[in-house]
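Structural characterization, general
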Amino acid sequence: MSEPQYQQSNETPSVTGAMAALAQLEAAGERAADAPSRLRILSIEGSDPIGGAGTMADMKAFTAQGVFGYAAMTSVLAQNTQGVTSIVNMEPDFLVAQLNAVSDDAIIDSMKIGMLGTPELVEAVKGWLTALEQHYRDEGIAKPVVVLDPVMYAKSGDALLTEQAEQALRDIIPMADIITPNVPELAALADADQPAADIDTLESMAREVCKRYGVAVYAKGGALALVGGASSTDILAEPSDGQGEVRTTRIEGRAVRTHNVHGTGDTLSSTLAALRPQCDTWEQAARRAKTWMNGAIAAADRLHVGKGHGPVDFTWQHAPTGLRFSADYWNRVRPIRERIHGMRFITSMVDATLSLEDFAFYLHQDDIYLTDYTSLLALASSRADRLDERVFFAQAASGGVDSEVMFHHNWYVKHGFDPSGTSRSEVTAAYIGHEHRVADSGSYARLAAVVMPCFWLYAAMGKEMREQVRNKHIDVDTHPFGEWIRMYSDPEFTESTLREVQICDRLAAEASIDEYEHMMHAALVSSEHEFRFFEQGLTRPALGF
Ligand SMILES: Nc1ncnc2c1ncn2[C@@H]1O[C@H](COP(=O)(O)OP(=O)(O)O)[C@@H](O)[C@H]1O
Ligand SMILES: Cc1ncc(COP(=O)(O)OP(=O)(O)O)c(N)n1
């Protein structure tokens, strides 16, 4: 008997459909074995030794988008965040030699053309690009995407294009798939008297330039983001048919209040060049580029590069390097720390004017909180991936918290309070709720971070309050809240705090940027809850205490 044959006619449509789909997947798999793993994008640009604009920005933007970058340099600049001091333009033949070095050896999927400097350099690129496109047509190779950034000036006001080169630049524009002028460059291309001062004018200029040159225009509106409003909007204008009709789309983003925007235009253009081959439309590529750009600008202030307009952070999706999680947290939590240290509940504890009733209310809420906190420390122990950390959290859950609970109990007895029957306040419930939600994520790192402020903010406060009491020449042993202050300034508690912080640093160093930010968010929200927790001591709601 012969083997059964899989003949189409004998199978149901769903089976044949599945078989065809599987065959397609298998064929794609076979092809993938020969396909390049990365898109290959060329930057034709001038340099920037400070690393924020030009070739350097392009290379970093390419890497951030997961593509491989080639670079041919049109000019070498002495520039930094404060401006351009000197420019050496390449000999046109030498630029062509660089371009040929790339195109004779490798395939170019996409390119970003930026600063071209002189009419001769523009002509050199034009000649090389014409020959390349002809060669790709002859060989049946897909035409590379061409993004042309019509660089005319740096934000510092320095001219990056000679006057004579401007006409040559206009002549090369039709060779591009898209041009990416900023506000003044768009006005120059539209022959407008004034640069656009609002988004409607930017849109009509982009429409005009798109119509005039027959290419898509991505008008970068950074200059408008700086003049106010919460949003930063760019305009995408595309020829919508062959009859000169233009479709415009507003590409919206959040405005970032920063002066660190050196190289934003270069970076946006090279990001578009990297993303277009990965997207179906310019609009899709533009939205992805804008979103990424926004993250890079939002992280720019923390880079601390240069004295002028600093660059954006191309690596914003990576956890900070050289900056520990603990240092990052301590810096970011500063406003909350300052509010805690200056709040009346704390200052009146130090000068011993806090009423015993207010303190008793706070203490009892703390009792309620600690019950849950202990269970979270125990959970952290069970999740710990290292024995020493498992032991640390287990000990903190039993020994550490135990001493606080004992202190509370003794204090009630000494001062004649009976906390039984008091329920958890909304503030206490909210803090506990936050910690449990973070724990529910299942992440050990986030759990370690969410419980950290309860160690560190108390240790810092204990230390500072003890100093303040000493400065007032009050003996901490006779101070009405001295025992509480002593508990949190105790070397053993400080040591536990240090260990907990070290654990968070270790976990953060091994975390992805996403996990790092989750840890940071968990810790910062806990810190805000700490502030409210103290605050409720004075605003205490009636809970039957
Ligand atoms: N302060 C800002 N907040 C948000 N986005 C900005 C800001 N400044 C610039 N951008 C964005 O950066 C990109 C580059 O634009 P722009 O700064 O106008 O270019 P150029 O550097 O060529 O002047 C655009 O997407 C723009 O919207
Ligand atoms: C070599 C080089 N090319 C282009 C620019 C312009 O960069 P841009 O992104 O427009 O931002 P600013 O530098 O103007 O802030 C440049 N500066 N250098």
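Residues numbered from 1 in each chain as written. Chains lettered and ligands numbered in written order. Predicted model: local features only at pLDDT ≥ 70, side-chain atom pairs only at ≥ 80, totals over all residues. Heavy atoms only, no water.

1. Concerning the domain arrangement of the protein chain
- Once the domains are mapped, the protein chain shows domain 1 (13-30 + 325-539) and domain 2 (39-302).
- The C-alpha centroid of domain 2 is placed 48 Å from the C-alpha centroid of domain 1. (Domains from an automatic or database assignment.)

2. What about the packing of aromatic side chains?
- Applying the stated criterion to the full structure yields 29 aromatic pairs.
- Ring centres of Phe68 and Tyr70 lie 5.7 Å apart, and the angle between their planes is 75 degrees; on these two criteria the pair is classed as edge-to-face.
- Judged by its relative accessible area of 47%, Phe68 is partly exposed.
- By relative accessible area, Tyr70 is classed as buried at 12%.
- With a centroid separation of 6.4 Å and 85 degrees between ring planes, the pair formed by Phe359 and Trp484 is classed as edge-to-face. Here Trp484 lies in helix α19 (residues 482-489) and Phe359 lies in helix α14 (residues 356-383), a separation of 125 residues in the sequence. (Phe/Tyr/Trp six-rings, centres within 6.5 Å; stacked < 30°, edge-to-face > 60°. Buried < 20%, exposed > 50% of the residue type's maximum accessible area, 1.4 Å probe, protein only. Helix = DSSP H or I, 4+ residues; strand = E, 2+ residues; numbered from the N terminus.)

3. A closer look at the site of ligand 2
- The full set close to ligand 2 counts 18 residues, and Gln79, Lys155, His262, Gly265 and Asp266 are the nearest of them.
- Contact between ligand 2 and Gly263: an oxygen atom at 3.1 Å from a main-chain N or O atom of the residue.
- With respect to ligand 2, the backbone of Gly265 contributes an N or O atom lying 3.0 Å from an oxygen atom.
- Within the complex, 97% of the 420 Å² of free accessible area of ligand 2 lies under protein.
- According to the grid-proximity analysis, the pocket containing ligand 2 is the largest pocket.
- Those elements that place two or more of their residues in the shell around ligand 2 are β1 (40-46), β2 (68-80) and α9 (264-275). (Near = heavy atom within 4 Å. Polar contact = N/O pair within 3.5 Å; in protein donor to acceptor, adjacent residues only side chain to side chain. Areas by Shrake-Rupley, 256 points an atom, 1.4 Å probe, with all protein chains shown as cover. 1 Å grid on protein atoms, 1.4 Å probe; cavity = no way out; pocket = protein on both sides within 12 Å on 5 of 7 lines; lining within 4 Å. Sits in = over half its atoms within 2 Å of the grid points.)

4. A word on the packing of α14 against helix α18 (residues 452-471)
- Viewed as axis vectors pointing N to C, α14 and α18 meet at an angle of 135 degrees, and their least axial separation amounts to 11 Å. Considering the angle they form, α14 stands oblique to α18. Between α14 and α18, the residues in contact are Tyr362, Asp366, Tyr369, Tyr373 and Leu377 and Cys454, Phe455 and Tyr458, respectively.
- Of the residues belonging to the contact of α14 with α18, the class tally is seven nonpolar, no polar and one charged. (Axes fitted to C-alpha atoms, helices over the stretch in contact; angles between N-to-C directions. Parallel < 35°, antiparallel > 145°, perpendicular 65-115°, else oblique. Contact = heavy atoms within 4.5 Å. Nonpolar A, V, L, I, M, F, W, Y, C, P; charged D, E, K, R; others polar.)

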